[in-house]
Amino acid sequence: SQKIEQNSEALNIQEGKTATLTCNYTNYSPAYLQWYRQDPGRGPVFLLLIRENEKEKRKERLKVTFDTTLKQSLFHITASQPADSATYLCALVPISGNTGKLIFGQGTTLQVKP
Amino acid sequence: EAQVTQNPRYLITVTGKKLTVTCSQNMNHEYMSWYRQDPGLGLRQIYYSMNVEVTDKGDVPEGYKVSRKEKRNFPLILESPSPNQTSLYFCASSPSGRGVTDEQFFGPGTRLTVL
């Protein structure tokens, strides 16, 4: 069956460290993969998009990698701050021929302690 | 301000009473989509629209209808709501007419309770 898996357990790290979140998928060949941040009670906020032919994307303190062989994306936040505490969602466009569909993982909650 | 707006933000209704949740964006985006979010199930796509008059089913379309008569509006219609449609609903839009190949902007959410 098709699955997207993110760590259901919260990730707790110390301020200043690098947070690494994982998104694994099964039985998809995604054309695009996106990462969002969601704060409690609010809508997701887009962070980064990476295409199937890209290995890595960066934006300020954020970095996303995409390994289609391992079927995995990693999301890194360097020099993490308490304000980075939130739930992070990965989402993939499952089929290159239909880019209207988007499938979300259940998210990983990040807690950055001062 | 560029944004996606949803109305109402909160709604409590009863089984079988037809309702519409409106969604509007002021960014001239081609693509719009509806999602529902439930604990333990995450965000699931209900319907999406690549352009005016073009709509298609997401993963959980049963019990919902949509229409896209104008570019800016994408209402979600529940003809006969049932308790299993109690959820947090999000509307989103994206600039590209090729779907979610670009940044997607989400609305603030509508919390719906069906008794």
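For the structure itself, consult the block above.
**Some details on the sheet that holds strand E3 (residues 19-26) of chain A**
All names here are of chain A. A sheet is described by the order of its strands in space; here five strands give the open sequence E1-E3-E8-E7-E6, paired in antiparallel fashion. Two strands in the sheet have a free side with no partner beyond their single neighbour: strand E1 (3-6) and strand E6 (56-59). Between one strand axis and the next, the sheet turns through 15° on average, direction left out of account. Sheet topology note: the E1/E3 ladder contains four bridges and is antiparallel. From the neighbouring strand, Gln6 faces E3, where its bridge partner is Cys23.

**Side note on the state of the cysteines**
Residue and element names in this part refer to chain A. Inspection of the entire model under this criterion finds two disulfides over all chains. The disulfide that involves Cys23 links it to Cys90, with 2.0 Å between the sulfurs. Since a negative S-S torsion denotes a left-handed disulfide, the Cys23-Cys90 link at about 65° is right-handed. In this pair, Cys23 sits in strand E3 while Cys90 sits in strand E9 (residues 86-93), placing the two residues 67 residues apart along the sequence.

**Structural notes on the sheet that holds strand E3 (residues 19-25) of chain B**
All names here are of chain B. Reading across the sheet, the four strands line up as E1-E3-E8-E7 and stay open at both edges, with antiparallel pairing between neighbours. A strand with exactly one partner marks an edge of an open sheet, and here the two such strands are strand E1 (4-7) and strand E7 (65-66). Pairing of E7 with strand E8 (residues 76-78) involves two bridges; the strand directions are antiparallel. Across the sheet, Val66 pairs through a bridge with Leu76, a residue of E8.

**Some remarks on the pairing of strand E5 (residues 42-51) of chain B**
As a general feature of sheets, a regular strand has side chains that alternate between the two faces. All names here are of chain B. With seven of ten residues buried, E5 is to be regarded as a mostly interior element. With seven bridges connecting them, strand E4 (residues 31-38) and E5 associate as antiparallel partners. Note on E5: the bridge partner recorded for Tyr35 is Gln45. Counting the residues that bridge the hairpin from E4 to E5 gives three residues, and of these Gly40 lies at a positive phi of roughly 85°. For E5 and strand E6 (residues 54-57), the ladder comprises three bridges, and the chain directions are antiparallel. Bridge pairing links Tyr47 to Lys57 in E6. Remark: two residues form the turn of the hairpin made by E5 and E6, two consecutive strands paired antiparallel; Glu53 in that turn has positive phi of roughly 70°.

**Thoughts on the interface of chain B and chain A**
Interface size is commonly expressed as the accessible area that is lost once the parts come together. The interface of chain B with chain A comprises 24 residues on the first partner and 21 residues on the second. A buried area of about 1700 Å², summed over both sides, lies between chain B and chain A, and 51% of it is on carbon and sulfur atoms. Looking only at chain B, the three residues that lose the most surface to chain A are Leu43, Val100 and Thr101 of chain B, adding up to 28% of its buried area. A salt bridge links Lys101 of chain A to Asp59 of chain B; the nearest nitrogen and oxygen atoms lie 3.8 Å apart. There are nine residue pairs in polar contact (both at pLDDT 80 or more) connecting chain B and chain A. Mapped onto the side of chain B that touches chain A, the elements with two or more residues apiece are E4 and E5 of chain B. In terms of residue count, E5 of chain B provides more of the side of chain B that touches chain A than any other element does, five residues in total.

**Considerations on the pattern of salt bridges**
Two side chains carrying opposite charge are able to pair once their charged atoms lie near each other. Evaluated as defined, the whole model comprises eleven salt bridges over all chains. The closest approach of N and O atoms between Glu56 of chain A and Arg58 of chain A, which form a salt bridge, is 2.9 Å. Residue class for Glu56 of chain A comes out partly exposed when judged on its relative accessible area of 39%. Residue classification places Arg58 of chain A among the exposed positions, given a relative accessible area of 58%. Among the ionic pairs, Glu30 of chain B bridges to Lys71 of chain B, the shortest N-O distance being 3.2 Å. Linking Glu30 of chain B in the loop between E3 and E4 with Lys71 of chain B in the loop between E7 and E8, this pair joins segments that are 41 residues apart in sequence. A cluster of three or more residues bridged by salt bridges with shared partners is formed by Lys18, Lys65 and Glu79 of chain B.

Each value, and the rule that gives it
Residues numbered from 1 in each chain as written. Chains lettered and ligands numbered in written order. Predicted model: local features only at pLDDT ≥ 70, side-chain atom pairs only at ≥ 80, totals over all residues. Heavy atoms only, no water. Pairing = 2+ DSSP bridges. Helix = DSSP H or I, 4+ residues; strand = E, 2+ residues; numbered from the N terminus. Axes fitted to C-alpha atoms, helices over the stretch in contact; angles between N-to-C directions. Disulfide = S-S within 2.5 Å. Buried < 20%, exposed > 50% of the residue type's maximum accessible area, 1.4 Å probe, protein only. Contact = heavy atoms within 4.5 Å. Buried area = accessible area lost by both parts, 1.4 Å probe. Salt bridge = Lys/Arg side-chain N within 4 Å of Asp/Glu carboxyl O. Polar contact = N/O pair within 3.5 Å; in protein donor to acceptor, adjacent residues only side chain to side chain.

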